[in-house]
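Residue-level structural notes
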Amino acid sequence: MIAAIVGVVGLDLLRRLFVGDLTVSLLAGYLWNGLTFGVIVGLAGVGLSLTYDLLEFANFAHGDYITVSAFVGWGSAYLIAGLGQLDPGSLFFLGVGGTVYPGDVGISVTNTPLAIVGGLLAAAVAGAAVAVVLDRVVYKSMRGTGAITLLIASVGVAFTLRYLTVYTFTQQSFGLTVSAWTYDLALPGGTVSISAPSLLLIGVSIVTMFGVHLMLTRTKFGKAMRAMGANRDLARVSGIPSERVIRSTWIVGGALAGLAGFMIALLQGTITYQIGWTLLLLVFAGVIMGGIGSVYGAIAGGVLIGLITRLSLVWIPASFTQAMGFAIMILILLTRPQGLFGGEAT
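From a predicted model like this one, the values you see are computed outputs, not experimental measurements.

1. Quick word on the nonpolar core
With 99 residues, the main nonpolar core has Tyr 65, Trp 74, Tyr 78, Ile 107, Tyr 139, Trp 250 and Ile 271 as its most contacted residues. In terms of residue count, helix 11 (residues 242–268) provides more of this core than any other element does, 14 residues in total. With six residues, the next largest nonpolar core counts Leu 13, Leu 22, Tyr 30 and Val 314 among its residues.

2. Observations concerning the pattern of salt bridges
Within this structure, the stated rule accounts for two salt bridges. A salt bridge links Arg 136 to Glu 243; the shortest N-O distance between them is 3.9 Å. Of this pair, Arg 136 sits in helix 6 (residues 113–139) while Glu 243 is found in helix 11, placing the two residues 107 residues apart along the sequence. Using a relative accessible area of 31% as the deciding quantity, one classes Glu 243 as partly exposed.

3. Remarks on the confidence of the model for the protein
For the protein, per-residue confidence averages 84 on the pLDDT scale, and 95% of positions sit at 70 or higher. Element-level mean pLDDT values for the protein span from 71 in helix 10 (residues 232–237) up to 93 in helix 6.

4. Overview of the pairing of strand 2 (residues 182–187)
Sheet topology places strand 2 next to strand 3 (residues 190–195); six bridges connect them, and they run antiparallel. Across the sheet, residue Thr 182 finds its bridge partner in strand 3, namely Ser 195. Connecting the antiparallel pair strand 2 and strand 3 is a turn made up of two residues, with Gly 189 showing a positive phi of about 95°.

Definitions and limits used
Residues numbered from 1 in each chain as written. Predicted model: local features only at pLDDT ≥ 70, side-chain atom pairs only at ≥ 80, totals over all residues. Heavy atoms only, no water. Core = buried A, V, L, I, M, F, W, Y, C linked by side-chain atoms within 4.5 Å. Buried < 20%, exposed > 50% of the residue type's maximum accessible area, 1.4 Å probe, protein only. Helix = DSSP H or I, 4+ residues; strand = E, 2+ residues; numbered from the N terminus. Salt bridge = Lys/Arg side-chain N within 4 Å of Asp/Glu carboxyl O. pLDDT = per-residue confidence, 0-100. Pairing = 2+ DSSP bridges.

Next up, the structure:
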């Protein structure tokens, strides 16, 4: 059934290209935008999938790890870019109250690359720290109570983090960057704009995902993580330090959430306290589509969600694109509940 739908969609795209309803440049633009958005969804999905595979609960606070990390990362980027020129407090808190604006700092991928890299690293550290602290304070004592209890607790954690972010920063949407370098690729029917932020996103995502692959397949920690995911009791009997592995998994998952948060704000050019919650719904869709509990499925599912939501603009208005991603997810659940790439049945 899925193959038939893909075939029909492909034939309709070819028809539209042939009759002139769709240009090559517009189609390429949708695909490029879908890829850049999809790798962010996939990156966030890896962190969610790792913690699910090990602890067997859906962490609804993952989206707010993304939000907190994004604010800390961009606050750090502003601090690095404007240090010595403007008030450090105003810089780190992103000029809440209208004291600092992107134009004052001139921050962008091409103008202030060190600030962007520094902010990216700060976001990863913040995500890891938040994940570990909340595991110690909230989740650790609840692990034996079941997945539903942990899930409900994670919803409470999500709301707490979200409104702490509002209290600390702002509930208004805030513009982040000034214009950066853009290359216009000429194609039949127009051009496709490839920006410096999108190239950075693709590069960082590829390197990070390859690093996760090496960690899972080549390191002692990765093998221990996979062993615990397969059979936690047997792993403990074999001498694997379960608490150390769980803590390290939270660190990795939180750091990936932090990277995703910083990059989605970079891609959109704005930040808001709901940025992680909005992304989380699509992250869950990508993880379920790829196969919940499967790291590689989370990556592939995220990319597919990105491509589907952007490519659907050929047929439907922009306000319905997210709904299309969820509709495809439901279709896959009905026909292949273990996901496209294998995982636990949902």
